[in-house]
Structure formats: C-alpha cells, structure tokens
Amino acid sequence: MRITQIVVFPVPPRSVFVRVETDEGINGWGEASLEGHAATMVTAVQELSRYLSGKDPLEIERHWQAMYRGDFYRGGPVLSSAISGIDQALWDISGKVAGLPVHQLLGGRCRDRIKVYCGAGGNSPSEIKDSFRQAYEKGYRAAKFCPVDATEMLDGLDVIRGVYRRVHAAREAVPDDFDVLLDFHGRLAPAMAISVIDAIAELRPFFVEEPILPENVPALAHVAHSVKVPIATGERRYTKFDFREILEKQAVAVVQPDCCHAGGITEVKKIAAMAEAWYVALAPHNPLEALSTAACLQIDACCPNFLIQEQGSLGDNVLTEPFVVRDGYIDIPTAPGMGVTVDEEKLASMKWEDWVTPRLWHEDGSVADW
Ligand SMILES: [Mg+2]
C-alpha cells in the first residue's frame, strides 16, 4: 500500500482537515488545525506531503520520526500541528486496514465510556449562573469557563473580587457533584495568579488551566506549588520534549496536550504515559472540529490516567453520524480507524471564511496577554 496524495480542506470556522489517499482506495482523515492560521497549515501539510508521497502509510512511527527529526527545524505550533493531522490520518488508515478502532491498536480500551465537559460562560454572574444551570440540565457533570478579563501584571481588589463573584455564581448554580473548571488563558502574571487562585480556592475549582503562560516552566511550577488548587496546562505545548520539563518540575496536576497540536495520536499517547509516571492526569485539549474530537476519544479510551475530555465539536456539520453525549458521557467509537465517517458532500458545500484571532488590549492601549 502506498500514499498517492494528501488533500487539505479548510473547515469553518477555524479548522483544517487532511485526507491521506492510498493506491488501494483506503483514505485516512485527520485534523491539522491551528486556530487563526488555516492558510499556513494548508501549506505546512503540503510541504510534508513531498516526503510522504509513495510511502507505506502503515509505518506510522517511522513517518512521525521522519517528519519531526528529519526536517532539521522541529517542534512549535505550525510544524507540530501539520504532523498531528497527518499522524491521525495514518492511524485512521491503519485501523481501517486492520478492521479495528485505533484504540484497539494502542492496547485496547481501559474504560467503557468517556466523560466530557462542555464550555460554559457569560460575562455577568447571572449569565454565568444561567449557563452552568443549562449545562447541568442537559446532563453534563462538568463545565469550563474563563472568569478573568485582560489583567495587568498586578491588578486591584476589584479584579480579584470580580473573579470571585463569577466563580461563585457558577458554583452556586450547580450541585457539588458538578465540577467547575476554570481557564485563565495565560492572562495573569505569577503573583497575580497566586492572589486570584488563593481568593477562589474555597470554591474548589476542579482545576485552573493556564493560570499563567506555559512557556516559562519554573514560573508555572512556582504558581502550582504556591496554591491549593490543581493546575492544568498543555494546549500550547508541543511534543514530548515540551512536556518533559512541565512534568519534571511538577508544574501541573493535569496535562492537556492537543491531539491537533502536540504531535497527533502517536505523540499524545507517549505524553500520557510520561504523565502517568508522575501521577499526573490527562485531559486532552479540544476546542476544535469533529476529527479532533475523534482523535481525543481514541486516546481517552486507552490511557489509564485519562481524567475528562473537553467536548469540542460533535460533528453535526461534517460527520455522517455525529457523536452523541448521554448523561455527560460519549460512548467509545467502535468503527475501524478513527471511528467516524466524514460527509464529503457537506464538507464540499462549506463556505470558508478565515478566522482571525482577536487581540486583547489594556486600558492604556498596550498589548494584553490572551
Ligand atoms: Mg485553554
């Protein structure tokens, strides 16, 4: 079996699908999304297709190594996301050839269904309360929101009290067995993050994601070791090499590699195993499209330290059979490969509009962290 060509599809609002085609008519699908950089990703995948054309698609590890190590420049969001989408598609082909879902090729399932959390939100405490109440009434048992706005490196009591009021509104809206997850989007500096987390610790958030930017691991570890709330990070870290220091410095309780950014199914399975050795849980990041969700579910099914899955798209727009959330869980897909079928007619009819990452600004006009 040989790879004949790789076709790339921008999928609105901000995703990129990859179809790896073979000379035996079996095609594999993956998602090589990088939010706000669809055109870049189309080009990055096309560059990798020069190497992959004519290769055996079943030699996934060899190709991962060749794409990552063979290219001299390695890592980072663009190159790692391109590898991720192709890697998923190669796993999809392998599963289809074997007649087995990908998780079966990775050791088999170690749970029966996948717990998911949904996004919630709003700006005012009453909007947040309504949003969490709705998530609870839909059957979810966990939801995440961002309670912080653009914040100065040190900011005042009104900012800290504002965050407290929002988290309190969420906590009040749902019973104790419903988990409130927080994402700070890396908006705070370490001292401010510690002050804010101290103020909300009594509300027992399930975890705080990206309390500060993840690129300085000692700073992240300082925050994690200074607070009594579990810290999660990972969407902006790529490959096992970025996660090594995070784990060794014990900077997180939860790793959140993104199957579309961190290096695909091959790499996220390895990152999960590294985390397992540090007693750190896995909660794959997934705000993206349905193939991202599909890749996450295959990983979740077979990783013992899996904790909870960010829901992402269920594929109503692009899968022949979208995922179904029942009582806050998704059943583990059993069909071969990634376990989903892309509706190519729907895909062809989509109108692409380039999504641009919105900028955040402080009141004095200076740039704020996202
Ligand atoms: Mg996040």
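The rules behind each value
Residues numbered from 1 in each chain as written. Predicted model: local features only at pLDDT ≥ 70, side-chain atom pairs only at ≥ 80, totals over all residues. Axes fitted to C-alpha atoms, helices over the stretch in contact; angles between N-to-C directions. Helix = DSSP H or I, 4+ residues; strand = E, 2+ residues; numbered from the N terminus. Left-handed = near helix turned anticlockwise from the far one by under 90°. Contact = placed C-beta atoms within 7 Å. Nonpolar A, V, L, I, M, F, W, Y, C, P; charged D, E, K, R; others polar. Buried ≥ 20, exposed ≤ 12 C-beta atoms within 10 Å, placed from the backbone. Domains from an automatic or database assignment. Parallel < 35°, antiparallel > 145°, perpendicular 65-115°, else oblique. Expected span 1.5 Å × (residues − 1). Arc of directions from axis to C-beta. Core = buried A, V, L, I, M, F, W, Y, C linked by C-beta atoms within 7 Å. Pairing = 2+ DSSP bridges. Right-handed = clockwise from strand over helix to strand, strands pointing away.

> I keep staring at the packing of helix α1 (residues 38-52) against helix α3 (residues 76-98) and nothing clicks. Help me out?
The geometry of a pair of packed helices is captured by two quantities: the angle between their axes and the separation between those axes. Between α1 and α3, the shortest axis-to-axis distance is 9 Å and the interhelical angle comes to 60 degrees. Judged by the twist between their axes, the crossing of α1 over α3 is right-handed. Contact residues: α1 offers Thr40, Met41, Ala44, Val45, Leu48 and Leu52, while α3 offers Val78, Leu79, Ser81, Ala82, Gly85 and Ile86. Here the residues of the contact of α1 with α3 sort into nine nonpolar, three polar and no charged.

> Please explain the environment of Glu345 as it appears in this structure.
Within the secondary structure, Glu345 is located in helix α12 (residues 344-349). According to the C-beta neighbour criterion, Glu345 is exposed, with 8 such atoms within 10 Å. When the C-alpha atoms of Glu345 and Thr320 are compared, they prove to be 10.0 Å apart, with 25 residues separating the residues in sequence.

> Whenever I open this one, the domain arrangement of the protein chain confuses me. Can you help?
It is common to report an interface's size as the accessible area lost on association of the parts. If you check the domain split of the protein chain, you get domain 1 (3-100) and domain 2 (103-338). For domain 1 versus domain 2, the separation of C-alpha centres amounts to 25 Å. Domain 1 puts 32 residues into the contact, and the matching count from domain 2 is 22 residues. Put simply, the parts of the chain that give the side of domain 1 that touches domain 2 at least two residues each are β2 (15-22), β3 (28-31), α2 (60-68) and α3. Take the side of domain 1 that touches domain 2: its biggest share by element is 16 residues, from α3. Residues belonging to the side of domain 1 that touches domain 2 are distributed by class as follows: 13 nonpolar, 14 polar and five charged.

> It is not clear to me how the packing of α3 against helix α10 (residues 264-277) should be interpreted in this structure. Could you clarify?
Put simply, α3 and α10 touch, their axes get as near as 6 Å, and they point 100 degrees apart. If you check the angle between α3 and α10, you find them roughly perpendicular. On the side of α3, the interface is formed by Ile83, Ser84, Asp87, Gln88 and Trp91, while α10 contributes Gly264, Ile265 and Thr266. Across the contact of α3 with α10, the residue classes break down as three nonpolar, four polar and one charged.

> How should the environment of Val163 be read in this particular structure?
Along the chain, the position of Val163 falls in helix α6 (residues 157-173). For Val163, a count of 24 C-beta atoms within 10 Å translates into the label buried. Along the primary structure Val163 and Asp149 are separated by 14 residues, whereas in three dimensions their C-alpha atoms are 8.8 Å apart. If sequence neighbours within four positions are ignored, Val163 has contacts with Pro147, Val148, Val196, Ala199 and Ile200.

> Teacher, can you tell me more about α1 here?
Residues spaced three or four apart along an α-helix point in a common direction, a consequence of the helix completing one turn every 3.6 residues. Helix length check: α1 (15 residues) gives 21 Å between terminal C-alpha atoms against 21 Å at 1.5 Å per residue, within 8%. Where α1 is concerned, the buried positions are Ala38, Met41, Ala44, Val45, Leu48 and Leu52. Summarising the axial view, the buried residues of α1 lie within an arc of 115 degrees, below the 170-degree limit, and thus occupy one face. In α1, the exposed residues that point more than 90 degrees away from the buried face are Ala39 and Arg50. Buried residues along α1 sit against β1 (3-11), β2, α2 and α3.

> Help me out: how do you make sense of helix α11 (residues 290-302) in this one?
Over its 13 residues, α11 extends 19 Å from the first C-alpha to the last, a length consistent with the 18 Å expected when each residue adds 1.5 Å. Burial of α11 is extensive: 13 of the 13 residues sit out of reach of the surface.

> Looking at this structure, how should I read the nonpolar core?
One broad trend across soluble globular proteins is that nonpolar side chains are buried collectively. In terms of nonpolar packing, the biggest core is built from 112 residues, with Val18, Ile86, Ala143, Val252 and Val254 touching the most fellow members. With nine residues, the single largest contributor to this core is α11. Each of domain 1 (3-100) and domain 2 (103-338) accounts for three or more of the residues forming this core. If we ignore the near neighbours within four places in the chain, the residues touching Ile86 are Val18, Val20, Gly30, Ala32, Val45, Leu48, Leu52 and Met67.

> What am I meant to see in the sheet that holds β3 here?
Whenever strands of a sheet pair, they do so through backbone hydrogen bonds, lying parallel or antiparallel. Strand order in the open sheet formed by three strands is β1-β2-β3, with antiparallel pairing between adjacent strands. Looking along the sheet, the strands with just one partner apiece sit at the ends: β1 and β3. Looking at each pair of strands side by side, their axes are set apart by 20 degrees on average, direction ignored. Here eight bridges tie β1 to β2, and the two strands are oriented antiparallel to one another.

> I tried to follow the pairing of strand β6 (residues 179-183) on my own but got confused; where do I start?
The two faces of a sheet get side chains in turn, since along a regular strand they alternate between them. In terms of residue burial, β6 counts as a mostly covered element, since four of its five residues are buried. Two strands pair when backbone bridges link them, and strand β5 (residues 142-145) and β6 are joined in this way by four bridges, in the parallel orientation. Its bridge partner being in β6, Lys144 is matched across the sheet by Leu181. Each parallel crossover has a hand, and the one from β5 via α6 to β6 is right-handed. Alignment of β6 against strand β7 (residues 208-209), held across two bridges, turns out to be parallel. If you follow Leu182 over to β7, its bridge partner there is Val208. Between β6 and its parallel partner β7, the chain crosses via helix α7 (residues 190-200), and the hand of that crossover is right-handed.

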